[in-house]
Amino acid sequence: MSMSFFNREEELAFLQKKYRSKQPELLIFRGRRRVGKTFLLKEFSRRVHGLYLLATVTSVHDQLQLFSQRISNYFNDPLPAMRPFATGEELIDLGKHKM
C-alpha cells in the first residue's frame, strides 16, 4: 500500500531548520494516534538520508542489538554488528563522532 505525503510542508520546514542547526536538541513528537507522526519522521529521514530508529517494547539489550545492526548497515561498518552497543551511552557517543 502506497501512501501520499501532503500538507506537511510546515512540519518539514521545522525539521529542516532543526536539522541544519548546530545546537544539540531533543525533539518530542506527540499527538493523537494515526495522524502521521511516524510517517512524517520517516519521510524527513528519507529526504536527508538519515537513519530512523524506532524503540519498541522489548528489552534494552534487544533494542541495542537491533540499533547496532541498523547502524552497521547504515554506515557500511561491520564493527557495530560484531560488537553491539552495551549501553545507550555508547550509542550516543557514536552519534557524536559519526554525525
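Residues numbered from 1 in each chain as written. Predicted model: local features only at pLDDT ≥ 70, side-chain atom pairs only at ≥ 80, totals over all residues. Heavy atoms only, no water.

The subject of this paragraph is the nonpolar core. Counting residues in hydrophobic clusters, the biggest one holds six residues: Leu 64, Phe 67, Ile 71, Phe 85, Leu 91 and Leu 94. Sorting the residues of this core by element identifies α3 (60-74) and α5 (88-98) as the ones contributing at least two each. When residues in this core are grouped by element, the largest group, three residues, is from α3. Discounting residues that sit within four places of it in the chain, Ile 71 has contacts with Leu 51, Leu 53, Pro 80, Phe 85, Leu 91 and Leu 94. Of all hydrophobic cores here, the second largest spans five residues; its members include Leu 15, Leu 40, Phe 44 and Val 48. (Core = buried A, V, L, I, M, F, W, Y, C linked by side-chain atoms within 4.5 Å. Buried < 20%, exposed > 50% of the residue type's maximum accessible area, 1.4 Å probe, protein only. Helix = DSSP H or I, 4+ residues; strand = E, 2+ residues; numbered from the N terminus. Contact = heavy atoms within 4.5 Å.)

Quick look at α3 now. With 15 residues, α3 should cover 21 Å at 1.5 Å per step; its first-to-last C-alpha distance of 21 Å lies within 8% of that length. Residues Gln 63, Leu 64, Phe 67, Ser 68, Ile 71 and Ser 72 constitute the buried set of α3. Buried residues of α3, viewed axially, fall in a sector of 165°; they line one side. Asn 76 sits one or two residues past α3 and shows a positive phi near 50°. (Expected span 1.5 Å × (residues − 1). Arc of directions from axis to C-beta.)

Next up on the list: the pattern of salt bridges. One pass over the full model with this rule turns up five salt bridges. When the shortest N-O distance is used, the salt bridge between Arg 46 and Glu 43 registers 2.6 Å. Residue Arg 46 and its partner Glu 43 are both found in helix α2 (residues 37-47); the two are separated by three residues, about one turn of the helix. Judged by relative accessible area, Arg 46 falls into the exposed class, the value being 54%. (Salt bridge = Lys/Arg side-chain N within 4 Å of Asp/Glu carboxyl O.)

To continue, consider the side chain of Ser 45. Here Ser 45 shows up in helix α2. Classification of Ser 45 as buried rests on a relative accessible area of 11%. With residues near it in sequence (within four places) discarded, Ser 45 still touches Gly 50, Leu 51 and Tyr 52.

Take the environment of Thr 87 next. Here Thr 87 shows up in the loop between α4 (79-82) and α5. Separated by 27 residues in the primary sequence, Thr 87 and Val 60 place their C-alpha atoms 8.3 Å from one another. A polar contact is formed between the side chain of Thr 87 and the backbone nitrogen of Glu 90, at a distance of 3.2 Å. (Polar contact = N/O pair within 3.5 Å; in protein donor to acceptor, adjacent residues only side chain to side chain.)

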